[in-house]
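Spelled out, the chains give:
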Amino acid sequence: MLIHGRCHCGNIAFSLAWEPDPPEIPARACDCSFCTKHGGVWTSNPKGALEVSIRDRSLVSVYAHGTRTADFHVCSRCGIVPVVTSRIDGRLYAVVSVNAFEGVDPSLLRRAPASFEGEGKDSRLARRERNWIPDVRFVDA
Ligand SMILES: [Zn+2]
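Before going into details, it helps to say that this report is about the structure given with it. (Residues numbered from 1 in each chain as written. Predicted model: local features only at pLDDT ≥ 70, side-chain atom pairs only at ≥ 80, totals over all residues. Heavy atoms only, no water.)

## Some words on the pattern of salt bridges
Next, step 1: Scanning the entire structure with this criterion turns up six salt bridges.
Next, step 2: Residue Arg137 is joined to Glu51 by a salt bridge in which the shortest nitrogen-to-oxygen separation is 2.1 Å. Of the two residues, Arg137 sits in strand β12 (residues 135–140) while Glu51 sits in strand β5 (residues 49–54), which places them 86 residues apart along the sequence.
Next, step 3: The closest approach of N and O atoms between Arg57 and Asp140, which form a salt bridge, is 2.7 Å. Of this pair, Arg57 sits in the loop between β5 and β6 (60–63) while Asp140 is found in strand β12, placing the two residues 83 residues apart along the sequence.
Next, step 4: With relative accessibility at 44%, the residue Arg57 sits in the partly exposed group.
Next, step 5: Three or more residues joined by partner-sharing salt bridges are found here, namely Glu119, Arg124 and Arg127. (Salt bridge = Lys/Arg side-chain N within 4 Å of Asp/Glu carboxyl O. Helix = DSSP H or I, 4+ residues; strand = E, 2+ residues; numbered from the N terminus. Buried < 20%, exposed > 50% of the residue type's maximum accessible area, 1.4 Å probe, protein only.)

## Concerning the coordination of the zinc ion
Next, step 1: On the protein side, the zinc ion has Cys7 (SG), Cys9 (SG), Cys75 (SG) and Cys78 (SG) as donor atoms, found 2.3 to 2.4 Å from it.
Next, step 2: Taken together, the four donor atoms coordinating the zinc ion and their angles of 103 to 119° define a geometry best described as tetrahedral.
Next, step 3: Here the donor residues for the zinc ion map to a single chain with the spacing C-x1-C-x65-C-x2-C. Linking Cys9 in the loop between β1 (2–6) and β2 (12–17) with Cys78 in the loop between β7 (71–75) and β8 (83–88), this pair joins segments that are 69 residues apart in sequence.
Next, step 4: By relative accessible area, Cys9 is classed as partly exposed at 22%. (Donors = N, O, S within 2.8 Å, 3.2 Å for Na, K, Ca; no water. Tetrahedral: all angles 85-135°; square planar, octahedral: opposite > 155°, others 65-115°.)

## Looking at unusual backbone geometry
Next, step 1: Cis peptide bonds are those with omega within 30 degrees of zero, and the linkage from Glu19 to Pro20 qualifies with -10°.
Next, step 2: By secondary structure assignment, the location of Pro20 is in the loop between β2 and β3 (25–30).
Next, step 3: With a phi angle near 60°, Arg68 is a residue other than glycine that sits in the positive phi range.
Next, step 4: With respect to the secondary-structure elements, Arg68 resides in the loop between β6 and β7.
Next, step 5: Looking at Arg68, the relative accessible area reads 59%, which means it is exposed.
Next, step 6: Positioned with a positive phi, Asp89 is a non-glycine residue whose angle comes to about 50°.
Next, step 7: Note on placement: Asp89 falls in the loop between β8 and β9 (91–97).
Next, step 8: According to the relative accessible area criterion, Asp89 is exposed, its value standing at 75%.

## Details of the packing of aromatic side chains
We describe a pair of aromatic rings using the distance from one ring centre to the other and the angle between the two ring planes.
Next, step 1: The tally for this structure, following the rule as stated, stands at four aromatic pairs.
Next, step 2: Geometrically, the ring pair formed by Phe14 and Phe101 is edge-to-face, given 6.3 Å between the ring centres and 65° between the ring planes. Pair noted here: Phe14 is in strand β2 and Phe101 is in strand β10 (residues 101–102), with a separation of 87 residues, a long-range link.
Next, step 3: Residue classification places Phe14 among the buried positions, given a relative accessible area of 3%.
Next, step 4: In textbook terms, an aromatic cluster arises when at least three aromatic residues are bridged by ring pairs, as seen for Phe34, Trp42, Tyr63 and Phe72.
Next, step 5: Cation over ring: Arg127 sits above Phe116, and NZ or CZ is 3.7 Å from the ring centre. (Phe/Tyr/Trp six-rings, centres within 6.5 Å; stacked < 30°, edge-to-face > 60°. Lys NZ or Arg CZ within 6 Å of the ring centre and 35° of its normal.)

Everything listed here is a matter of coordinates, which is why it stays silent on function.
Right under this line is the structure:
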């Protein structure tokens, strides 16, 4: 399955290769202070491959908070946050926003709350290495 997503204005788009086709897609509603404010709900596949395609990099604002180990890629034109990345030991990992999906059957989404508050930095990075998308490319659209 190739999952497409984009911000509202289309400046930041992504395609996520998810093989084999998922019977369901985990959708984690993060309760961190930032995701609470913008309604962040994330998914990832540790066997997936992600391509993020950007039309105008000057209209992408990268925001970090808390442990500052994750970069939220905010479209500064429309305000949507389609992707988060984390660089761990030189490798770029990512999660994508299910709210930015295009054309995905919503019944595939298995929504659940997720709380990572209080998690230490080392265990946080180890969890991302296990669960996040480990194959991430940024390209110019
Ligand atoms: Zn946008």
